[in-house]
Amino acid sequence: MAGELDQLKIPIIINANKFPCKSILSTAHPAFDYSGEGKMFTVNYGRSAASFIEGIQWVYEIEEIPPLIEEILVALTGFCQTDLIKDISRAVFGFSRDIVENLMSCIGSIFGKELEDFTYVVCWDGVGELERWKLVLPDGRPVKIEQTIHQIGVTKDYVVLMDTAFIMGLEQVINNPFPKNQKLEQHLRKLLERPPLPDSNIYIVRRADLKAGQRPASSNKEVEVVAQKVVIPLEAAHFLVDYDNPNGNITLHVAHLCGMQVAEWLRKYDISASQPHKPVPDYLHGMEHDETDIGRMGRYIIHGETGQLIESQVISDINATWAVDLYAYLDRLPTGLTPGKLENVYWSSFGLWRDLMTKYIVDLYDDYKYRLIPLSEVIRLAQKGKPACLFRLHPKSMVIADRYEFPCGYMTLSSQFIPRGDGESSTNGYIVCAVCFEDKKLGPTNQIWIFNGNKLSDGPLCKLHNSKLKFGFTLHTAWLRQISERQASYKIPVEQDYQELVDQNNPEIRKLFKDEVYPHFH
Ligand SMILES: [Fe+2]
């Protein structure tokens, strides 16, 4: 039997209990309420085993199954608290007819017990222990996140969660199980991948209900609160909310990425969507695919108590809204408080790129539910290219009030609003952004461009560059009026926090933590 185990290449020691860095699902954008007690809101959620291994039935079609099982086990163990050694061993030693089927059903049953749907709102005052509340729907069922919660928002009276269009599934957690067999890897992606949901599920939680929550560090007493569910058409990754919610009405500002799989990337075997379907250039491996329909900007008013959608405005722009990704706005007043409502928001878009319009992404969105521009036309536009764009949206009128279209071949990311003057105007400031392009003499070039927030259309006020400035694909940014020493007294000693888990690992991991991790936290 030991020989068969060896042949299967199943890692004998898979024990999620000792992973020094556990996989925890949370939001990339916690929300802060700077008024009153100054609390931070975030989330912790779990996806059921079924949602993670929904593609496993297809795995039977794969011939080189053992390495794949190994990848799946390693990836999934990060999401559970079980000791897999004995469970897997039991399955392996107990097999009789079909080892693959046995193992798969074993994995399903293990994770079925350990990976359940749950969603917590988590709150922290910056001083004490984290508090959390389990979210349930009005009928008592737990709130089930089907994709991810990339972003949350907080208003005066509500916390707003969105099930966002970043898929987190097996396809994202397994890591190239067949490096020598591209055809097999290609087949696996095809079997496991699915496009994000075309609608956005939103959950609204009343802040007044977030009292006396559970403190997991000291108590297991579960505290449940009810969340109102609202569904709006079109998928999204990023959204903002007005802090004020007059009469319980919440205003949502949403950038809809339409027909785009942000959690996917170009592979070596990807080919162009256009004839003659040439392979994508090497230097683009790992890059995002294009959007396959024009993106839209939405402004929604939702009643926080009932979840009723009261008002909805959605626009698009043939030059500006191709994959609107990141935002910048006046997020703090000189008082330190959040503006009551967003009067202007700067957004940047990805544009359409010939080499990023792959056959894979086009096939994935062949029957996109909310298509506005025919797919053949989108492919044609991509051939010519659509520019990246930085624009200012005036939410009240839903008009793009100002814009700068970048030259062809330029990409912009990471825009940041920097106020000037008294710091109270939503347009009196600078927009700083990262820009990437191919310079004819210098090759790949990274620069930082600075725009006048009042007049994007004039183009950049200045461009900062240095031959040593290399930042690649950047995402979100932050800006501080001034930098000073950290003043908070809250501190969890890193070594004390991790050592028990680190001690259970091999000498290499122990040395890594001792030499490369702990010294940074003394
Ligand atoms: Fe983000």
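Above: the structure in question.
This one's a predicted model, so the numbers in the text were calculated from it and none came from an experiment.

Observations concerning the overall build of the chain
Then, in step 1: When you go through the chain residue by residue, the secondary structure sums to eleven helices and 20 strands.
Then, in step 2: A separation threshold of at least 6 residues defines the contact pool for the chain, and within that pool the share at least 24 residues apart is 70%.
Then, in step 3: Of the roughly 25,500 Å² that the chain leaves accessible, carbon and sulfur atoms contribute 52%.

Observations concerning the side chain of Gln416
Then, in step 1: By the element assignment, Gln416 lies in strand S17 (residues 411-419).
Then, in step 2: Exposure remark for Gln416: the relative accessible area of 14% places this residue in the buried category.
Then, in step 3: Reaching out from Gln416, the side chain makes a polar contact with the backbone nitrogen of Ala478 at a distance of 3.4 Å.
Then, in step 4: Those residues in contact with Gln416 that lie beyond four places of it in its chain are Ala328, Tyr430, Ile431, Val432, Thr477, Ala478 and Trp479.

Focus on the sheet that holds strand S1 (residues 31-33)
Then, in step 1: Strand order in the open sheet formed by eight strands is S1-S2-S3-S4-S8-S7-S6-S5, with mixed pairing between adjacent strands. A strand with exactly one partner marks an edge of an open sheet, and here the two such strands are S1 and strand S5 (152-154). Within this sheet the neighbouring strands show an average axis-to-axis angle of 30 degrees, counted without direction.
Then, in step 2: Sheet topology places S5 next to strand S6 (residues 158-163); three bridges connect them, and they run antiparallel. Counted as the bridge partner of Ile152 is Leu161 from S6.

Quick look at the coordination of the iron ion
Then, in step 1: Here the iron ion is held by the protein donor atoms His29 (NE2), His150 (NE2), His238 (NE2) and His476 (NE2), which lie 2.1 to 2.2 Å from it.
Then, in step 2: Geometry at the iron ion is irregular, judged from its four donor atoms and the angles of 90 to 171 degrees they form at the metal.
Then, in step 3: Here the donor residues of the iron ion share one chain and are spaced in sequence as H-x120-H-x87-H-x237-H. Pair noted here: His238 is in strand S9 (residues 238-241) and His476 is in the loop between strand S20 (462-465) and helix H10 (494-502), with a separation of 238 residues, a long-range link.
Then, in step 4: Overall, His476 belongs to the partly exposed group, its relative accessible area being 37%.

Here we look at the nonpolar core
Then, in step 1: Counting residues in hydrophobic clusters, the biggest one holds 23 residues, and the most contacted among them are Phe41, Val121, Leu135, Leu161, Val205 and Leu210.
Then, in step 2: Counting residues per element, this core draws most heavily on strand S2 (residues 39-46), which supplies three residues.
Then, in step 3: Not counting chain neighbours up to four residues away, the residues in contact with Leu210 comprise Phe41, Val121, Trp133, Val159, Val205 and Val225.
Then, in step 4: Formed by 19 residues, the second largest nonpolar core is a distinct cluster that contains Trp322, Val362, Leu364 and Leu381.

Thoughts on the packing of aromatic side chains
Then, in step 1: Throughout the structure, instances matching the rule amount to 17 aromatic pairs.
Then, in step 2: Taken together, a centroid distance of 4.2 Å and an interplanar angle of 10 degrees make the contact between Tyr410 and Phe437 stacked. Highlighted residues: Tyr410 in the loop between strand S16 (399-405) and S17 and Phe437 in strand S18 (residues 429-439), separated in sequence by 27 residues. Phe437 carries the same exposure label as Tyr410, and that label is buried.
Then, in step 3: By way of ring pairs, the aromatic residues Tyr404, Phe406, Tyr410, Phe437, Trp449 and Phe451 are connected into one cluster.
Then, in step 4: A cation sits over an aromatic face here: Arg267 above Trp265, 3.9 Å from the ring centre.
Then, in step 5: Above the ring of Tyr430, the side-chain terminus of Arg420 is found at 4.6 Å from the ring centroid.

A short note on the side chain of Gln151
Then, in step 1: Of note, Gln151 is situated in the loop between strand S4 (131-136) and S5.
Then, in step 2: Ignoring sequence-local partners within four residues, the contact set of Gln151 consists of Thr27, His29, Met162, Thr164, Ala237, His238, Phe239, Leu240 and Tyr327.

Notes on the pattern of salt bridges
Then, in step 1: For the structure on display, the rule yields 17 salt bridges.
Then, in step 2: Residue Asp355 pairs with Arg354 through a salt bridge whose shortest N-O separation is 3.2 Å.
Then, in step 3: Owing to a relative accessible area of 45%, Arg354 belongs among the partly exposed residues under this scheme.
Then, in step 4: One continuous salt-bridge network, built from bridges that share partners, spans Arg206, Asp209 and Glu305.

What counts as what
Residues numbered from 1 in each chain as written. Predicted model: local features only at pLDDT ≥ 70, side-chain atom pairs only at ≥ 80, totals over all residues. Heavy atoms only, no water. Helix = DSSP H or I, 4+ residues; strand = E, 2+ residues; numbered from the N terminus. Contact = heavy atoms within 4.5 Å. Areas by Shrake-Rupley, 256 points an atom, 1.4 Å probe, with all protein chains shown as cover. Buried < 20%, exposed > 50% of the residue type's maximum accessible area, 1.4 Å probe, protein only. Polar contact = N/O pair within 3.5 Å; in protein donor to acceptor, adjacent residues only side chain to side chain. Pairing = 2+ DSSP bridges. Axes fitted to C-alpha atoms, helices over the stretch in contact; angles between N-to-C directions. Donors = N, O, S within 2.8 Å, 3.2 Å for Na, K, Ca; no water. Tetrahedral: all angles 85-135°; square planar, octahedral: opposite > 155°, others 65-115°. Core = buried A, V, L, I, M, F, W, Y, C linked by side-chain atoms within 4.5 Å. Phe/Tyr/Trp six-rings, centres within 6.5 Å; stacked < 30°, edge-to-face > 60°. Lys NZ or Arg CZ within 6 Å of the ring centre and 35° of its normal. Salt bridge = Lys/Arg side-chain N within 4 Å of Asp/Glu carboxyl O.

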